[in-house]
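One letter stands for each residue in the lines below.
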Amino acid sequence: MVNNFKTGQTKLTSNELSDMEVRVYGNTAVITGKADVAGTMAGKDTKGQIMFTRVYVKKDGQWQSVAFQQTRVSNP
């Protein structure tokens with residue numbers, strides 16, 4: 001995923017976050033939410049909504065991302 005952004009295979013032109021929720025459990029934080037995204041993937045225009053979960057751990061006073069998951073929401 002990171003390489004696709006670095007090489008330009010994937011480009012985001014819009015990334016609007018909503019419904020974000022942050023839960024902190026000691027030195028661990030779990031963030032969930034939705035994003036409406038638009039851009040290009042492999043040279044093709046793409047647009048849609050994703051749901052995501054990101055997990056952070058606080059280490060030496062700094063929050064570090066340790067896990068990320070996203071799923072595209074299909075339209076009925």
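Model, not experiment: these values are computed from the prediction.

As a further point, take the pairing of strand β4 (residues 62–73). With eleven bridges joining them, strand β3 (residues 44–59) and β4 adopt antiparallel strand pairing. Bridge pairing in β4 links Gln49 to Val73. Joining the antiparallel neighbours β3 and β4 is a turn of two residues, in which Asp60 adopts a positive phi near 55°.

It is worth spelling out the confidence of the model for the protein chain at this point. A low pLDDT means the predicted coordinates there should not be read in detail. Mean pLDDT over the protein chain works out to 91, with 97% of the residues at or above the 70 mark. Confidence, read as mean pLDDT per element, is least for helix α1 (residues 2–7) in the protein chain (82) and greatest for β4 (95).

A few words on the sheet that holds β4. The four strands lie next to each other as β1-β2-β3-β4, forming an open sheet whose pairing is antiparallel. Looking at strand neighbours, the two that pair on one side only are β1 (10–25) and β4, the edges of this open sheet. The mean angle between the axes of side-by-side strands here comes to 20°, regardless of whether they run parallel or antiparallel.

One can expect most non-glycine residues to show negative phi and most peptide bonds to be in trans. Even without glycine at this site, Asp19 takes up a positive phi of about 50°. Tracing the sequence through the fold places Asp19 in strand β1. Of the residues examined, Asp19 reaches a relative accessible area of 55% and is grouped as exposed. With a phi close to 55°, Ala42 is a non-glycine residue in the positive phi region. Structurally, the position occupied by Ala42 is in the loop between β2 (28–41) and β3. Under the relative-accessibility criterion, Ala42 is labelled exposed at 58%.

As a further point, take a nonpolar patch on the surface. The grouping of Met1, Phe5, Leu12 and Phe68 at the surface amounts to a nonpolar patch, some 390 Å² of accessible area in total. Along the polypeptide, Leu12 turns up in strand β1. Look at Leu12 and you get partly exposed, because its relative accessible area is 44%.

Reading guide: rules and limits
Residues numbered from 1 in each chain as written. Predicted model: local features only at pLDDT ≥ 70, side-chain atom pairs only at ≥ 80, totals over all residues. Heavy atoms only, no water. Pairing = 2+ DSSP bridges. Helix = DSSP H or I, 4+ residues; strand = E, 2+ residues; numbered from the N terminus. pLDDT = per-residue confidence, 0-100. Axes fitted to C-alpha atoms, helices over the stretch in contact; angles between N-to-C directions. Buried < 20%, exposed > 50% of the residue type's maximum accessible area, 1.4 Å probe, protein only. Patch = residues over 30% accessible without salt bridge, like charges linked within 9 Å, V, L, I, M, F, W, Y side chains within 5 Å. Areas by Shrake-Rupley, 256 points an atom, 1.4 Å probe, with all protein chains shown as cover. Salt bridge = Lys/Arg side-chain N within 4 Å of Asp/Glu carboxyl O.

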